[in-house]
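Letter by letter, the chains look like this.
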Amino acid sequence: MNEPVITLNNRPYPFKEGLTISAIMTERKYDFPAIIVRINNKHIEEEDWQTTTVAADDNVEIIHVFGGG
Amino acid sequence: MSDNCSHKISKDDITRMKAAHKRLATYSFEPTTIERGYNNRSLYISIGGSFDASNQDKLTASVSGENCTVIGEKAVTPHMKDKFVGGKGFGLYHLWKAISEGTRWNSPENDIVISPGPLAGITQYPGAGKSLVCAISPLTGIPVDSNVGGFFGPFLKFAGFDALELQGKSDEEIIIFIDGNEHTVTIDTAPLEAVDSHILAEQLSEMYASTHEDKENISVISCGRASENSYIGCLNFSFWDKRRDCVRLKQAGRGGIGTVFRHKKIKAVVIRYRGLHGDLNNPSKKGLINAAGVRLHKEMAHLDTSQNNMRKIGTANIIEVMDRYDLLPTHNFQFGAHPETPKISSKVFIEKYVTQNLPDGCWYGCSMSCAKAADGFELRTGPYKGHKVCVDGPEYENAAGLGSNVGCFDPHWILEANFYCDTYGVDTISMATMTAFAEECYQRGLYNLNDTEGLDMRWGNGYTLNELMHQMVTGDGFGVIVGKGIRQQKRIFAERFGKVSPEYEHMLGGYVWNDIKEPVIDMPIPTSHFNKNLENCEFLQSTGYDDNKILGEIKGTILENAGANNDSAYIAKPTKPEKIEGIPTITREEIADWPVGKPYYSDDPDCSYTNSRPWVKMTPEQVAEMEEFGMENKGLEYSEYLMKESLAQQGGYALCNKGPQHDEAWLIFMDMVNNQIPTFEDKAEALHYFPMFRTWFGLLGLCKLPWNDVTPVNNKYEKEPAKIPEHVQNYFDIYEGVLGKRHTEVSMVRQSERVYTFQRIFILRMGSGQRKHDTPPSRSLGPITEGEYLSREERYDAQMKDIIGIDPCGKSTAEKVKIIMDYRWSQFKQLVDAVYKRRGWTPNGIPKLEKLIEIEMDLPELVAVIRPYLKEEGYWPQGEEYKKYE
């Protein structure tokens, strides 16, 4: 049986019970100040990242809005 | 500020300089009123020389002066405005008509065109003071466009012109002066003024202002001395900083336009305009502009500190961000991060160098205020050693290029190089990338200390970085070769810096070829910074690499170290050798057939540094090696972002019309980090929309930074947040506010597509612009050395297994490098196919006739260029409706 996953930015990402947005950010070392989070196309406010958990098969987008050069 | 006081100008000096002027021409023009952003005329100045001007638009009024000078006007027609809009569009339009297929950068007919665009000069919305400059580039041989702030562009428009053309070549040093209030243009000889920009701009601000306060009404275009012996000259556009009480300089950096400017013997173009106010564009709907401006000013006031800190440190805010995301180019784009980056972080520049709490806008009304500067900066080298100066910067590109990419992690040396680049008039980006290439060639043993005459080309020597520029000024030394750019470096190294084969050693007559003791070649980076498993790596140890030693040095060095821990640019300074009898002298044409390894003499009038020494050709393998890591495309050096892990950005660079500059597309985060554009079609769409949107800034006279270097609060709810839709709407509002016409994404893209496609066909006309010319160096696509692979071994192994489907276990590092690079080249090929298709081009990169018809650019002169290519490739369309294009 396949390990449960979520989709993170169009790629499979390991799922575990209680996985929060903040935990994903820490694991991925995402610390840029302008980041947008969406789960199944629903926007998640920054103040909710610590308490929002994801479910298996969720489609999670963590988007850096970065102007660059 | 009193700290910037080492070059103040006396009244006597100014009187003496003015007395030496000789008037060549005077032109009086009628004042105009700007109508919705346009004057409907441009200013044409020819400064002498012989060339065919029969294809150009006719002058509507003109005078002829001494030395074959001409000053006149050309009409800006509805056709020009409809098809080319302004800015870069007008630049390319005039350039196309001024030159022929045989024109080279140093031909007198090469035309420098400066145009501010119809929205330029707005003071209510940030970032609306840009000019676009176009010319045939000495680096690429094709048209280049470069954008620049400073006051000149808006002043030119308010003086009465939508563009300025500078054509011809003067026999004497000249200054052109445009008086926007007296409505006159004059050309004077100017033998005594300085050339270096930080002094010349001060002299001319003093000379042409009637009072000290009047200096804020002056702007000067100039270019310093290093541009005269290099191909990377930039143009400095000045503005008077009344709080600092000195001139500031903004650069049209890319492509060597300053080299063209100095070749024409133009010392400066000066403009004066008094009476600035916010409605000079005669806008159609001022309320729309004001409302958009207020919205953005509020965002800057409330959001900048928590977002990008533009008002504190400008674009340099991203130095540490790039490092953290493995995107900061280090040691010639080998790696994307370095443990010493904290020494050159934005925090260091803020706390130690860059003056805070000044409204540093390069045009009025810009609340982004990102034109930062370091005041009272004391120089260590060169003709201005000991002077305290104002350094404009560092921009991110300067810190990344003149810092990490050349292996220098000392903020002082970065700022010193930044200063000399500006005042000597060379492009910081090309300077950095071409130095990094030369350093890597040295590290690889492709040339040695004899070839540099003792100049230490190891990574990160801050003295050397600046010495290279001082040599560009004197026209002698290894720096002259470096200043010709990577494409020429590769040629020169290949034909001159090979090793003498044993069979030909007798020809040297006892001359000791390698008599300077080589220093230990220092490795660039502790790879265990990335990969802890490499601390005792056999491969690295076999190269003499000592990770612990390097890490120890890094931890042990204080902030202001000296790059490679040297206190001089030189290891040794040998005397120049006498010519050796018996070594033949051959012509340039004979070099191609000369044997590898056999010494010879030849002559290079453009680069005399090596003329007195024997030349030796490199092996074909060495030549091929340099192609792999020489970070140029079309002849232009790459700008300072590591693109290896973003296929879209690899395309953004290689498919950029003028050469690899990121101002067409910066897609690294969308692609590499966010993975928002996973398919080839997604990437191709991004490589259509973003280049078109960014081209539009260059047509209108706008700065890119206020678009996405501050993000509105509600952007997070947008469907396509990367586009910053609220700000795009702001731009449509100010467009309507000035021109009175509604604008949409579709009409905006259409405007840009016309000019973008025109530029591609222009490049084709000049002998480039096919698929083969869009081919990047291998390093831009991935790890080309085992060291690069090992530094991110985990990443590349995972890619090999999960994406390519090959198990890396049991494979040597060399085998793995080949597998990854073969795969990446195949990906790049598919990307190019998709992008060309989206842009309406053939697989060879030629715009199709159907595309020209679609965007209403089926102009006969464009069709004439593409027709033979399309017919040869089988893409010439059949059908009755196309017969008229035969």
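So, here is what we can say about the structure in this document. (Residues numbered from 1 in each chain as written. Chains lettered and ligands numbered in written order. Predicted model: local features only at pLDDT ≥ 70, side-chain atom pairs only at ≥ 80, totals over all residues. Heavy atoms only, no water.)

1. What to know about the interface of chain A and chain B
Listed per partner, the contact involves 20 residues of chain A and 30 residues of chain B. Between chain A and chain B the total buried area reaches about 2000 Å² when both faces are included, carbon and sulfur atoms providing 51% of it. Where chain A packs against chain B, one counts two salt bridges. Residue Arg324(B) is joined to Asp31(A) by a salt bridge in which the shortest nitrogen-to-oxygen separation is 2.8 Å. (Contact = heavy atoms within 4.5 Å. Buried area = accessible area lost by both parts, 1.4 Å probe. Salt bridge = Lys/Arg side-chain N within 4 Å of Asp/Glu carboxyl O.)

2. Details of helix α28 (residues 793-804) of chain B
Residues and elements named next belong to chain B. By the burial criterion, the buried members of α28 are Tyr796, Asp797, Gln799 and Met800. One face of α28 carries all of its buried residues, which in axial projection span an arc of 155°. Residues of α28 that are exposed and point over 90 degrees away from its buried face: Glu794, Lys801, Asp802 and Ile803. Residues of α28 that are buried in the fold lie against α27 (786-791) and α29 (813-839). Of the residues one or two after α28, glycine 805 is the one with positive phi, at around 85°. (Buried < 20%, exposed > 50% of the residue type's maximum accessible area, 1.4 Å probe, protein only. Helix = DSSP H or I, 4+ residues; strand = E, 2+ residues; numbered from the N terminus. Arc of directions from axis to C-beta.)

3. A word on the packing of helix α21 (residues 647-654) of chain B against α29(B)
All names here are of chain B. Here α21 crosses α29 at 60°, and the two axes come no closer than 10 Å. By the criterion of interaxial angle, the relationship of α21 to α29 is oblique. When you trace α21 past α29, the crossing you get is right-handed. Across the interface between the two elements, Leu647, Gln650, Gly651 and Ala654 from α21 touch Gln827, Phe828 and Leu831 from α29. (Axes fitted to C-alpha atoms, helices over the stretch in contact; angles between N-to-C directions. Parallel < 35°, antiparallel > 145°, perpendicular 65-115°, else oblique. Left-handed = near helix turned anticlockwise from the far one by under 90°.)

4. Overview of the nonpolar core
Judged by nonpolar contacts, the single largest core of 259 residues is most densely connected at Met322(B) and Phe478(B). Formed by 18 residues, the second largest nonpolar core is a distinct cluster that contains Ile175(B), Ile218(B), Leu249(B) and Ala268(B). (Core = buried A, V, L, I, M, F, W, Y, C linked by side-chain atoms within 4.5 Å.)

5. Quick word on the side chain of Asp241(B)
Residue and element names in this part refer to chain B. With respect to the helices and strands, aspartate 241 occurs in strand β12 (residues 235-241). For aspartate 241, a relative accessible area of 9% translates into the label buried. Those residues within four positions of aspartate 241 in sequence are excluded, and the remaining contacts are Cys246, Arg248 and Asp360.

6. Considerations on the packing of aromatic side chains
A full pass over the atoms with the stated rule returns 60 aromatic pairs over all chains. Each ring, one from Tyr641(B) and one from Trp666(B), has its centre 5.4 Å from the other, and the planes form 80°; the classification is edge-to-face. Here Tyr641(B), found in the loop between β18 (636-637) and α21, pairs with Trp666(B), found in the loop between α21 and α22 (668-673); they are 25 residues apart in sequence, far enough to count as distant. What makes Tyr641(B) buried here is its relative accessible area of 2%. Taking relative accessible area as the criterion, Trp666(B) reaches 6% and is therefore assigned buried. An aromatic cluster is defined as three or more aromatic residues linked by ring pairs; in this entry it consists of Phe32(A), Phe66(A), Tyr325(B), Tyr396(B), Tyr641(B), Trp666(B) and Phe669(B). A cation over a ring is seen here: Arg496(B) above Trp615(B), with NZ or CZ 3.9 Å from the ring centre. Here the guanidinium or amino end of Lys871(B) rests over the ring plane of Trp876(B), the centre of that ring lying 5.3 Å away. (Phe/Tyr/Trp six-rings, centres within 6.5 Å; stacked < 30°, edge-to-face > 60°. Lys NZ or Arg CZ within 6 Å of the ring centre and 35° of its normal.)

7. Let's talk about the side chain of Asp671(B)
Residue and element names in this part refer to chain B. With respect to the helices and strands, aspartate 671 occurs in helix α22. Judged by relative accessible area, which is 5%, aspartate 671 ranks as buried. A polar side-chain atom of aspartate 671 sits 3.1 Å from the main-chain amide nitrogen of leucine 647. Beyond its immediate chain neighbours, meaning those up to four positions away, aspartate 671 contacts Ser646, Leu647, Ala648, Gln649, Ile677 and Lys683. (Polar contact = N/O pair within 3.5 Å; in protein donor to acceptor, adjacent residues only side chain to side chain.)

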